[in-house]
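Architecture and fold: a report
The lines below spell out each chain.
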Amino acid sequence: MVTVKDSKEAIVKRDRPSRLKLYLSVFAVYVLHITTGCVLSFPSPVIPKLNLTKDEQSLISSLYSLGATPGPLVLAFGLDTIGRKGTLYVVWLLYMSSWVMLWASENLIIVYIGRLIAGLGFAGAFAGISVYIAEIADNETRGPLNSVAQVFLAIGFLVEYCVGPYVSYQILVFISFCVTASFGIIFFFAPESPYFLIAKGRKTEAFKVLKTLRGNLTDESINAEIKAIEDKFSRENESGTGLKKLLSAPVLKAMAVSLFLIMLQQGSGINAVLAYVQPIFQKANLSLDDTIVPMLVGATNLISSLPVPLLVGKFGVKIVLVTCGVAMGICLNMLGLYFFLLYGDYNVTSIEFLPVASVILFNVFFCIGSGSLTWVVIADVFPSSVKGTATAICSSFSALFGFGVIEAFILLLNSWGFENTFVLFGCILVVGSLVQIIFVPNTSKMTFQDIEKYFDRKAS
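Note that the structure is a prediction, hence the values are computed from the model and not measured.

This part takes up the overall build of the chain. From N to C terminus, the chain includes 25 helices and 0 strands. Sorting the 460 residues of the chain into buried and exposed places 57% on the buried side. Per element, the accessible surface of the chain, about 18500 Å² overall, is 68% carbon and sulfur.

Next comes the structure, spelled out in structure tokens:
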């Protein structure tokens, strides 16, 4: 005999979300980030293989950032027209094209063009993936799921660091191409964003997508979520659309926070360190094989990224960003200290571990902090009606600023020396990270409605 209590328990159980298909969709889109990791770390094993001048090494490392500058135009147009999923397939095609160019020839001009094309894809990958995950996840899982990006980037780093030193240039490019190709198949089975579908009036399709992603939830709960999304769009439309909305005080405030986080992320010098990790350890005169250290960096990158969702769930993005940013600054200062002692003719045999430990810990804290969470915050803070354009602006700025940082990093290494360069970047990181306490909202502990209210209040 079924009692009233049993019936209530059955209803409660049926209204708890089953997130298996959500997790599978998130995994599918993150496969694209394995390629992004390959693109970022590709120069490290390749530069020693090619007979290059310092300027040529610099260009191979930084051209992807320059290529990323116009890339957000694709993002801005694509997100709101062909959809989140279609835009990510455009990013994938750009990555595929870049590996084809790199495989075709070792001629430097061809290599430069391949890196520029990779940059076009790179520009859309971070913002596009973050937006997609933020819109298919529920409030409980949005922050943690969007913070897993660094795990998949680290897998891409390991592909280049572990395989690159031991195979030819052509084989390394072919392996990277195969990794990228897998995304095209896996992501085919993932759904479109319900936010995009509702924005286009395709409510029935949005219901089916949410029913798939939320599993056991009742129709009433799914309809309630759709109603919340529709109400969100209504509020946004009431406050203006297009350029008027983009230039409104709350959106400008969100833009300022986003650009500051990008400056801190790119200003850490992480992409320059990743691209030059093998040459850096050659300069450090270590007895350790300089091809082993990048592998250690890649492995710790992967391992340190795994607890990020748990840390975000417990403490929120703000505390994690601040703590890890300060720790990264300390690591760069320790690296600078080692080179100061080395070039000052001090005996550094007893502290040979210091540069290895500093770079590895620097990467650990980057993976846990700004590497995982910068684009999580950016994907959360903008209203849906301007999200495509706003994230495109952020991506463009990130590309330009990143290109400038890599070029400045190399220039400073050659003119100021390793010791002064690392200390400068370290001090900027410590100060900038502490400033986050004042300006950055703890978005992972807030609903989209809470975030809107936060910036409305700050703007008033």
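Let us keep going from here.
Right, let's talk about the packing of aromatic side chains for a bit. The full count for this structure, using the stated rule, is 21 aromatic pairs. Aromatic side chains Tyr195 and Phe233 sit 6.3 Å apart centroid to centroid with 75 degrees between the ring planes, which places their arrangement in the edge-to-face category. In this pair, Tyr195 is assigned in helix H11 (residues 194-199) and Phe233 in helix H13 (residues 219-238), connecting sequence segments 38 residues apart. The residues Tyr195 and Phe233 share a single accessibility class, namely buried. Through a chain of ring-to-ring contacts, three or more aromatic side chains come together here, namely Tyr338, Phe339, Tyr343, Phe409, Phe418, Phe422 and Phe425. The side chain of Lys314 reaches across the aromatic face of Phe315, ending 5.7 Å from its centre.

On to helix H12 (residues 203-214), then. Between the first and last C-alpha of H12 there are 16 Å, a value that for 12 residues agrees with the 16 Å anticipated at 1.5 Å per step. Within the span of H12, buried status applies to Ala206, Val209, Leu210, Leu213 and Arg214. One side of H12 holds all its buried residues, which, seen down the axis, span an arc of 115 degrees. Opposite the packed face of H12, turned more than 90 degrees from it, sit the exposed residues Thr204 and Lys208. Of the residues trailing H12, Gly215 is marked for its positive phi of about 65 degrees.

With that settled, the discussion passes to the environment of Ala357. For Ala357, the location among the structural elements is in helix H21 (residues 353-368). Measuring from C-alpha to C-alpha, the distance between Ala357 and Leu335 comes to 8.7 Å, with 22 residues separating the pair along the chain.

This part is about helix H15 (residues 249-267). Across its 19 residues, H15 extends 26 Å between first and last C-alpha, which sits within 8% of the 27 Å expected from 1.5 Å per residue. What H15 keeps buried is the set Val251, Ala254, Met255, Val257, Ser258, Leu261, Ile262, Leu264, Gln265, Gln266 and Gly267. Directly beyond the C-terminal end of H15, a positive phi value near 80 degrees is found at Gly269.

The subject of this paragraph is the nonpolar core. Across soluble globular proteins, you tend to see nonpolar side chains buried next to one another. Core analysis: the biggest nonpolar cluster contains 132 residues, and Phe187 and Phe382 have the highest contact counts within it. For this core, the element with the most residues is helix H7 (residues 108-136), which contributes 13 residues. Those residues in contact with Phe382, other than ones at most four positions away along the chain, are Val251, Ala254, Met255, Ser258, Lys387, Ala390, Thr391 and Cys394.

A complete count under the given rule lists 10 salt bridges for this structure. Note that Arg202 is salt-bridged to Glu205, the shortest N-O span being 3.0 Å. Here Arg202 falls in the partly exposed class, since its relative accessible area comes to 35%. A salt bridge links Arg214 to Glu225, with the nearest nitrogen and oxygen atoms 2.8 Å apart. Taken together, the residues span a long stretch of sequence, with Arg214 in helix H12 and Glu225 in helix H13 at a distance of 11 residues. Judged by relative accessible area, which is 21%, Glu225 ranks as partly exposed.

Attention shifts here to the side chain of Thr36. Relative to the helices and strands, Thr36 is located in helix H2 (residues 20-41). The class for Thr36 is buried, based on a relative accessible area of 0%. Not counting residues up to four positions away in its chain, the partners in contact with Thr36 are Tyr95, Phe122, Ala125, Phe126 and Leu153.

Let us now look at the packing of H21 against helix H22 (residues 370-381). It is at 4 Å that the axes of H21 and H22 come closest, and there the two elements cross at 25 degrees. Here H21 lies roughly parallel to H22, going by the angle between them. Across the interface between the two elements, Phe366, Cys367 and Ile368 from H21 touch Ser370, Gly371, Ser372 and Leu373 from H22. For the contact of H21 with H22, the per-class residue count stands at 4 nonpolar, 3 polar and no charged.

Right, let's get into the side chain of Gln265. Residue placement: Gln265 occurs in helix H15. Side-chain polar atoms of Gln265 contact the backbone oxygen of Ser370, separated by 3.1 Å. In this structure Gln265 touches Ile270, Phe366, Ser370, Gly371, Thr374 and Trp375, once residues within four positions along its chain are discounted.

Our next topic: the packing of helix H9 (residues 149-163) against helix H10 (residues 169-186). The interhelical angle for the contact between H9 and H10, taken along N-to-C directions, is 160 degrees, at an axis separation of 11 Å. Taken together, H9 and H10 sit at an angle that is classed as roughly antiparallel. As for how H9 packs across H10, the hand of that crossing is right-handed. Residue-level inspection shows Val159, Glu160 and Val163 of H9 in contact with H10, the latter providing Leu172, Ile175 and Ser176.

Along the chain, Leu261 falls in helix H15. For Leu261, a relative accessible area of 2% puts it in the buried group. For the pair formed by Leu261 and Leu373, sequence separation is 112 residues and the distance between their alpha carbons is 9.4 Å. Setting aside anything within four residues of it in sequence, one finds Leu261 in contact with Leu321, Thr374, Val377, Gln436 and Val440.

Right, let's get into the confidence of the model for the chain. Confidence in the prediction for the chain averages 83 pLDDT; 89% of positions are at 70 or higher. Per-element confidence in the chain ranges from a low mean pLDDT of 46 for helix H1 (residues 4-14) to a high of 94 for H10. In this model, residues 4-13 is a region of pLDDT below 50 whose contacts with residues beyond four sequence positions or in other chains number 3 contacts.

Rules behind the numbers
- Residues numbered from 1 in each chain as written.
- Predicted model: local features only at pLDDT ≥ 70, side-chain atom pairs only at ≥ 80, totals over all residues.
- Heavy atoms only, no water.
- Helix = DSSP H or I, 4+ residues; strand = E, 2+ residues; numbered from the N terminus.
- Buried < 20%, exposed > 50% of the residue type's maximum accessible area, 1.4 Å probe, protein only.
- Areas by Shrake-Rupley, 256 points an atom, 1.4 Å probe, with all protein chains shown as cover.
- Phe/Tyr/Trp six-rings, centres within 6.5 Å; stacked < 30°, edge-to-face > 60°.
- Lys NZ or Arg CZ within 6 Å of the ring centre and 35° of its normal.
- Expected span 1.5 Å × (residues − 1).
- Arc of directions from axis to C-beta.
- Core = buried A, V, L, I, M, F, W, Y, C linked by side-chain atoms within 4.5 Å.
- Contact = heavy atoms within 4.5 Å.
- Salt bridge = Lys/Arg side-chain N within 4 Å of Asp/Glu carboxyl O.
- Axes fitted to C-alpha atoms, helices over the stretch in contact; angles between N-to-C directions.
- Parallel < 35°, antiparallel > 145°, perpendicular 65-115°, else oblique.
- Nonpolar A, V, L, I, M, F, W, Y, C, P; charged D, E, K, R; others polar.
- Polar contact = N/O pair within 3.5 Å; in protein donor to acceptor, adjacent residues only side chain to side chain.
- Left-handed = near helix turned anticlockwise from the far one by under 90°.
- pLDDT = per-residue confidence, 0-100.

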